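Close look at the chain arrangement
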Amino acid sequence: MTSKSSSGAGDTAANSVAMAVLNAIQNPVVMVDEAGLIAFANWEAEAFFGASASHLSRYKISTFIPFGSPLLALIDQVRERRAPVNEYRVDLSSPRLGQDKLVDIYVAPISSDPGSVVVVFQERSMADKIDRQLTHRAAARSVTGLASMLAHEIKNPLSGIRGAAQLLEQSVEDDDRALTRLICDETDRIVSLVDRMEVFSDERPVDRVPVNIHSVLDHVKAVAKAGFARNIKISENYDPSLPAVFANRDQLVQVFLNLVKNAAEAVGDRQDGEIMLTTAYRPGIRLSVAGTREKISLPLEFCVIDNGPGVPADLVPHLFDPFITTKTNGTGLGLALVAKIIGDHGGIVECDSQNHRTTFRVLMPASKGITSEDAPLPNSTGTTR
């Protein structure tokens, strides 16, 4: 009797640990029994389906997914083959689950319970963020190598070319002097481009401190209104309880000046042109910090939104690559530099663009040990001003 009691206590403890592990997983996980009923759902699954575990357990999995969804066929396939299956980019969009519900699915049999399977969902929004983050970091590394090469191999010859052109300018006739002037101007333009690219070769650690993002955005807004965006409405929608961001203030100013300038150029001379700056707390995604093994959460979301014509769909995936630009005289380095700076901070920058609404979204880590009281915010109401 004593032995059985000890065994029962051990099983209870093991079940408790298993439940804790499953609830700690940041992906929705459900167990579907032989009859198709949802026998278990972790906390993420409750949020994913918008119902409690006890409510989910009363229904079959087919109740919560679109009619004819390939998920049901996957579950049947795993039961027949008794082997796990992966399926990527499965569309589960429905009025119940919401629009644009694109997920990767992993289905595996449970050997101790024939006919039952475990289903793990990974929302593509998170997977795409990770993919884009890796792409942006790779792009920044490629520009770093190119910048180092240009600095050493091109600037010196350009200096010689410019010097020779200046000597020629003294001895040629007035009609040819325009050509020597053109040589000097073009070499200066290339040197300026190389100087801008040298920023990418700076591999020193970023000097970071707790920064009030609203102070940064207010400064950026003041600069924009005094210059390139003087005729454009700039509104704000801030979260007043937002904690400080762990960052380099000067680099954040550079990032958001670049993004706001892009937004202003997109809006142009439209009479109803508007740029909105927003901040919010969005817990969920965790990524690796560049150059370390540390995993950090990126709960701070800062957005620059404009109602311009939008970015062409075929350009959006490559927008942060170097030398990609829609501007006639653009170099394509501005957004690449934004991606590098945010990547050096361990964050993510991405773009969502539709007609008359383009959003540049920056996700960054909060400062450790800093509360909202430590970083007073300028807009205490949290409403759009």
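Predicted, not measured: the structure shown is a model, and the values here were computed from it. (Residues numbered from 1 in each chain as written. Predicted model: local features only at pLDDT ≥ 70, side-chain atom pairs only at ≥ 80, totals over all residues. Heavy atoms only, no water.)

**Focus on the pairing of strand E5 (residues 117–123)**
Looking along a regular strand, one sees the side chains alternate between the two faces of the sheet. As paired elements, strand E1 (residues 29–32) and E5 share 4 bridges and run antiparallel to each other. Across the sheet, residue Val32 finds its bridge partner in E5, namely Val117. For strand E4 (residues 102–109) and E5, the ladder comprises 7 bridges, and the chain directions are antiparallel. By the bridge assignment, Val103 is partnered in E5 with Glu123. (Pairing = 2+ DSSP bridges. Helix = DSSP H or I, 4+ residues; strand = E, 2+ residues; numbered from the N terminus.)

**Section: the sheet that holds strand E2 (residues 38–41)**
The strand order across the open sheet formed by 5 strands is E2-E1-E5-E4-E3, and the pairing between neighbours is antiparallel. Each edge of the open sheet is held by one strand with a lone partner, namely E2 and strand E3 (85–91). This sheet shows a mean twist of 25 degrees between the axes of neighbouring strands, independent of strand direction. Of the strand pairs in this sheet, E3 and E4 are connected by 5 bridges, and their pairing is antiparallel. Counterpart to Asp91 in the pairing with E4 is Leu102. Against the sheet, helix H4 (residues 70–81) contacts E1, E3, E4 and E5, and its axis sits at roughly 20 degrees relative to E4. (Axes fitted to C-alpha atoms, helices over the stretch in contact; angles between N-to-C directions. Contact = heavy atoms within 4.5 Å.)

**With respect to the packing of aromatic side chains**
Across all of its chains, the model carries 6 aromatic pairs by this definition. Ring centres 5.8 Å apart and planes at 65 degrees place the aromatic pair Phe49 and Phe64 in the edge-to-face group. Separated by 15 residues along the polypeptide, Phe49 in helix H2 (residues 43–49) and Phe64 in the loop between helix H3 (53–56) and H4 bring together distant segments of the chain. Residue Phe49 shares its accessibility class with Phe64, and that shared class is buried. Considering the side-chain rings of Tyr59 and Phe64, the 5.9 Å spacing of their centres and the 85 degrees angle between planes classify their relative orientation as edge-to-face. With a relative accessible area of 33%, Tyr59 lands in the partly exposed category. These aromatic residues form a ring-pair network of at least three members: Phe48, Phe49, Tyr59, Phe64 and Phe121. (Phe/Tyr/Trp six-rings, centres within 6.5 Å; stacked < 30°, edge-to-face > 60°. Buried < 20%, exposed > 50% of the residue type's maximum accessible area, 1.4 Å probe, protein only.)

**Observations regarding a nonpolar patch on the surface**
A contiguous nonpolar surface patch, about 240 Å² in accessible area, is contributed by Val17, Val21 and Ile25. Mapping Val21 onto the fold places it in helix H1 (residues 2–24). (Patch = residues over 30% accessible without salt bridge, like charges linked within 9 Å, V, L, I, M, F, W, Y side chains within 5 Å. Areas by Shrake-Rupley, 256 points an atom, 1.4 Å probe, with all protein chains shown as cover. Salt bridge = Lys/Arg side-chain N within 4 Å of Asp/Glu carboxyl O.)

**A short note on helix H8 (residues 213–226)**
Here H8 is 14 residues long and its end C-alpha atoms lie 20 Å apart, about the 20 Å a rise of 1.5 Å per residue gives. Of the residues making up H8, those classed as buried are Ile213, His214, Val216, Leu217, Val220 and Ala224. An end-on view of H8 places all buried positions within 155 degrees of arc, on one side of the element. For H8, the secondary structure elements touched by its buried residues are strand E6 (209–211), strand E7 (233–237), strand E8 (245–247), helix H9 (249–267), strand E9 (274–281) and strand E12 (300–306). (Expected span 1.5 Å × (residues − 1). Arc of directions from axis to C-beta.)

**Structural notes on the side chain of Thr358**
Here Thr358 is to be found in strand E14 (residues 357–364). A polar contact is formed between the side chain of Thr358 and the side chain of Ser353, at a distance of 3.0 Å. In contact with Thr358, other than residues within four places in its own chain, are Val304, Ile305, Asp306, Gly310, Val311, Cys351, Asp352 and Ser353. (Polar contact = N/O pair within 3.5 Å; in protein donor to acceptor, adjacent residues only side chain to side chain.)

**Some remarks on the pattern of salt bridges**
In the structure shown here, the tally under the stated rule is 11 salt bridges. A salt bridge links Asp352 to Arg361, with the nearest nitrogen and oxygen atoms 2.5 Å apart. The exposure class assigned to Asp352 is partly exposed, which follows from its relative accessible area of 36%. For Arg361, a relative accessible area of 17% gives the class buried. In the salt-bridge network here, residues are joined through shared partners; they are Glu301, Glu350, Asp352 and Arg361.

**Some details on the environment of Asp239**
By the secondary structure assignment, Asp239 is in the loop between E7 and E8. Classification of Asp239 by relative accessible area gives buried; the value is 18%. Taking the C-alpha atoms as reference, Asp239 lies 7.9 Å from Thr278; in sequence the two are 39 residues apart. Among the polar contacts made by the side chain of Asp239, one reaches the side chain of Ser241 at a distance of 2.8 Å.

**Considering the sheet that holds E12**
What the 5 strands build is an open sheet, ordered E7-E9-E12-E14-E13; its pairing is mixed. Only two strands of the sheet have a single partner each, and these edge strands are E7 and strand E13 (348–354). For this sheet, the mean inter-axis angle between neighbouring strands, taken without regard to orientation, is 15 degrees. Direction of pairing for E9 relative to E12: antiparallel, over a ladder of 7 bridges. Across the sheet, the residue bridging to Thr279 is Phe302, located in E12. Along the sheet, H8 makes contact with E7, E9 and E12, crossing E7 at roughly 170 degrees.

**Remarks on the nonpolar core**
Within soluble globular proteins, side chains that are nonpolar tend to cluster in buried spots. Membership of the largest hydrophobic core comes to 42 residues, with the highest contact counts inside it found for Ile213, Val245, Leu252, Phe256, Leu259, Ile275 and Phe302. Those elements that place two or more of their residues in this core are H8, E8, H9, E9, E12, helix H10 (334–344), E13 and E14. Among the elements that take part in this core, H9 stands out by supplying 9 residues, more than any other. What Leu252 contacts, discounting residues up to four positions off in sequence, is Val211, Ile213, Val216, Val245, Ala247 and Met364. Core analysis: the next-biggest nonpolar cluster, separate from the first, contains 26 residues, Ala45, Val85, Val90 and Val117 among them. (Core = buried A, V, L, I, M, F, W, Y, C linked by side-chain atoms within 4.5 Å.)

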